[in-house]
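# Overview (structure and organization)
Below are the chains, spelled out letter by letter.
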Amino acid sequence: MKKIAKHKAAICTLFLGLVMPLAQAETLLIKGGKVHTLSDAGSFEQADILVRDGRVEAVGPSLGDGADRVIDAAGKVVTPGVIAPVSELGLTEIGAASATNDYAVTGESIGSAFDPLPAYNPKSTLIPFNRAGGVTRALVLPGIQLWGDTAGNPQRVFAGRSFAIRLDGGFDSVVATDLGQRAYLGEAGGQLAGGSRASAYAKVKNALEEAREYRANRDAIRRGEWRELNHSLADLEALQPLLGGEQPLVVTVNRASDILQAIQLAGEFGLKLVVLGGAEGWMVADQLAEAGVPVIVDAQNNLPISFESLGARLDNAAQMKRAGVTVLIRGPDYASTHNVYLSRQSAGNAVANGLPYEDALKSISANVAEVFGIEGGTIEPGAVADIVVWSGDPLEVTSYAEEVLIDGKLQSLVNRSTRLRDRYLKPRQGHDFGYKF
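Report on the accompanying structure. In this text the structure is predicted, and so the values were computed from the model without any measurement.

### Quick look at empty space enclosed by the protein
A probe matching the size of a water molecule, rolled over the atoms, marks out where space remains unfilled. In this structure the tally under the stated criterion is two cavities of 30 Å³ or more. Each pocket or cavity is described by its volume, and for the largest cavity that value is around 40 Å³. Lining the largest cavity are Thr-79, Pro-80, Gly-81, Val-82, Arg-344, Leu-361, Ile-364, Ser-365, Trp-390 and Pro-394. Within the lining of the largest cavity, the residues separate by chemical class into six nonpolar, three polar and one charged.

Written out as structure tokens, the structure reads:
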């Protein structure tokens with residue numbers, strides 16, 4: 001094993017061109033950790049990572065000490081940063097306080113044109129909290145309120161457009177826009193569309209048919225020389241990237257039969273489909289694999305909490321992976337956006353139920369980057385240096401992130417929770433305990 005690792009390192013080192021003249025650039029060396037690159041180079045029991053100007057320059061044993069800054073990772077585990085495949089980070093703060101929620105909209109639109117990007121708040125307290133949990137990037141998708149007094153009767157199944165962020169809290173932290181369109185089929189879609197799954201399916205299909213009609217007759221429609229359409233031009237424009245396969249349609253669906261309907265719809269319109277949920281995905285894993293449909297799954301979901309999830313089981317992710325499905329693991333559904341970092345706990349449960357360890361790491365990082373076409377997810381030459389140094393196995397709940405790099409820059413791990421902890425652990429004047437006598 002050591003020989004293989006050394007061979008890999010030699011190849012990496014040669015490929016990286018460490019003999020190239022050193023430019024005047026900031027360098028950082030992560031030294032001596034157990035490194036999971038999640039690339040073709042595999043894992044190293046002990047290796048160094050050289051970072052220059054925000055990018056990984058080299059990976060291999062004994063890269064020397066010639067860096068501006070050295071992080072001792074001996075005895076630690078080093079992985080790419082976690083990437084959340086679904087979140088509302090920056091669009092929500094307190095679920096019960098409507099003024100802090102910007103991820104959903106009501107009105108005449110069918111929802112596909114909704115772009116939540118102007119509402120994004122990079123200073124949300126949820127961002128440093130999840131960053132401290134090892135999350136370095138995240139997809140941000142709008143949603144539709146399915147419960148509570150504000151749910152109403154939206155009669156829409158599209159939630160809108162998505163974007164991606166890096167979790168450094170900067171005002172320039174949006175890294176990509178229009179990465180996908182979110183929609184609802186199955187039980188949730190039926191609830192939104194008037195009470196039947198069939199109605200939700202019809203709404204999506206009708207919208208896509210009109211979008212296709214609009215694409216073929218755009219000029220005439222815009223001149224008003226066409227029949228009156230049921231959808232706004234803004235909504236139809238927003239659906240165009242789906243028809244061209246430029247963006248995925250992220251469909252919330254769980255029941256096996258509903259998943260098959262989604263696959264059929266995608267085939268009919270040439271869509272790039274991503275299933276979100278997939279509680280019964282294991283039942284139709286072969287069809288998902290044949291259609292090349294990735295699945296975003298909560299790997300801890302094994303309870304029949306709804307009639308569309310009666311077949312939920314803990315080895316869902318493992319069974320789909322064995323069939324050839326690309327699996328992306330999210331945090332537990334109950335934990336919502338506030339705890340997207342728990343995706344690694346979910347991945348750990350997937351490993352306990354048959355998912356290979358390295359595949360589990362990929363499901364919370366590399367697979368997300370690949371499916372949505374964003375940077376991150378690997379530690380290899382040229383990759384963006386989103387890296388986490390863990391106290392131990394990142395899939396163990398007792399391990400924690402000791403160092404987090406985003407774009408090669410060390411991040412603060414201070415957040416609202418640590419401040420609250422420190423306030424009571426080390427009270428200062430004015431912050432004395434009010435309940436002690």
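### Concerning helix α4 (residues 197-216)
Here α4 contains 20 residues, and its C-alpha end-to-end distance of 29 Å stays within 8% of the 28 Å for a straight helix at 1.5 Å per residue. Buried within α4 we find Ala-200, Tyr-201, Val-204, Ala-207, Leu-208, Glu-210, Ala-211, Glu-213 and Tyr-214. Contacts from the buried residues of α4 go to β8 (158-166), β9 (174-184), α3 (186-192), α5 (218-222), α6 (233-243) and α7 (256-269). The backbone nitrogen of Ala-198 has a side-chain oxygen 3.0 Å away, supplied by the residue at the start of α4, namely Ser-196.

### A few points about the side chain of Thr-378
Topologically, Thr-378 is positioned in the loop between α12 (366-372) and β14 (387-390). Take Thr-378: its relative accessible area is 15%, and that puts it in the buried class. A distance of 3.0 Å separates polar atoms of two side chains, one belonging to Thr-378 and the other to Glu-380. Sequence-distant contacts of Thr-378, that is, excluding residues within four places in its chain, are made with Thr-37, Leu-38, Ser-39, Pro-80, Ala-366, Ala-383 and Val-384.

### Details of the sheet that holds strand β7 (residues 135-140)
With mixed pairing, the eight strands of this open sheet are ordered in space as β6-β7-β8-β9-β10-β11-β12-β13. Edge strands, defined here as strands with exactly one partner in the open sheet, are β6 (82-84) and β13 (327-329). Sheet twist, expressed as the mean angle between neighbouring strand axes with direction ignored, is 25°. The pairing of β6 with β7 spans three bridges and is classified as parallel. Opposite Ala-84, over in β7, you have Ala-138 as the bridge partner. Contacting β10 (248-253) and β11 (272-277), α7 crosses the sheet at an angle of about 160° to β11.

### Looking at the environment of Ser-124
Along the chain, Ser-124 falls in the loop between β6 and α2 (126-131). Under the relative-accessibility criterion, Ser-124 is labelled buried at 1%. Spatially, the C-alpha atoms of Ser-124 and Gly-169 are 8.0 Å apart, while their sequence positions differ by 45 residues. Other than its neighbours up to four places away in sequence, Ser-124 contacts Gly-90, Thr-92 and Glu-93.

### So, the nonpolar core
Counting residues in each nonpolar core, the largest one holds 79 residues, and the members touching the most others are Ile-165, Leu-288 and Ile-329. Not counting residues up to four positions away in its chain, the partners in contact with Ile-329 are Pro-85, Val-297, Ala-299, Ser-343, Ser-346, Ala-347, Ala-350, Leu-355, Ser-363 and Ile-364.

### Observations concerning the packing of α4 against α7
The contact between α4 and α7 brings their axes to 11 Å, and the two run at 10°. Considering their axes alone, α4 and α7 lie roughly parallel with respect to each other. Contact residues: Arg-197, Tyr-201, Val-204, Lys-205, Leu-208, Glu-209 and Arg-212 in α4; Asp-258, Gln-261, Gln-264, Leu-265, Glu-268 and Phe-269 in α7. Of the residues assigned to the contact of α4 with α7, the class counts are five nonpolar, two polar and six charged.

### Re the packing of α4 against α6
Interaxial distance between α4 and α6 falls to 9 Å at its minimum, and their mutual angle equals 90°. When the axes of α4 and α6 are compared, the pair comes out roughly perpendicular. Contact residues: Ala-207, Leu-208, Glu-210, Ala-211, Arg-212, Tyr-214 and Arg-215 in α4; Leu-233, Leu-236, Glu-237, Leu-239, Gln-240, Leu-242 and Leu-243 in α6. When grouped by side-chain class, the residues that make up the contact of α4 with α6 number nine nonpolar, one polar and four charged.

Reading the values: rules and limits
Residues numbered from 1 in each chain as written. Predicted model: local features only at pLDDT ≥ 70, side-chain atom pairs only at ≥ 80, totals over all residues. Heavy atoms only, no water. 1 Å grid on protein atoms, 1.4 Å probe; cavity = no way out; pocket = protein on both sides within 12 Å on 5 of 7 lines; lining within 4 Å. Points joined across faces, edges and corners; volume = space filled by probe spheres on them. Nonpolar A, V, L, I, M, F, W, Y, C, P; charged D, E, K, R; others polar. Helix = DSSP H or I, 4+ residues; strand = E, 2+ residues; numbered from the N terminus. Expected span 1.5 Å × (residues − 1). Buried < 20%, exposed > 50% of the residue type's maximum accessible area, 1.4 Å probe, protein only. Contact = heavy atoms within 4.5 Å. Polar contact = N/O pair within 3.5 Å; in protein donor to acceptor, adjacent residues only side chain to side chain. Pairing = 2+ DSSP bridges. Axes fitted to C-alpha atoms, helices over the stretch in contact; angles between N-to-C directions. Core = buried A, V, L, I, M, F, W, Y, C linked by side-chain atoms within 4.5 Å. Parallel < 35°, antiparallel > 145°, perpendicular 65-115°, else oblique.

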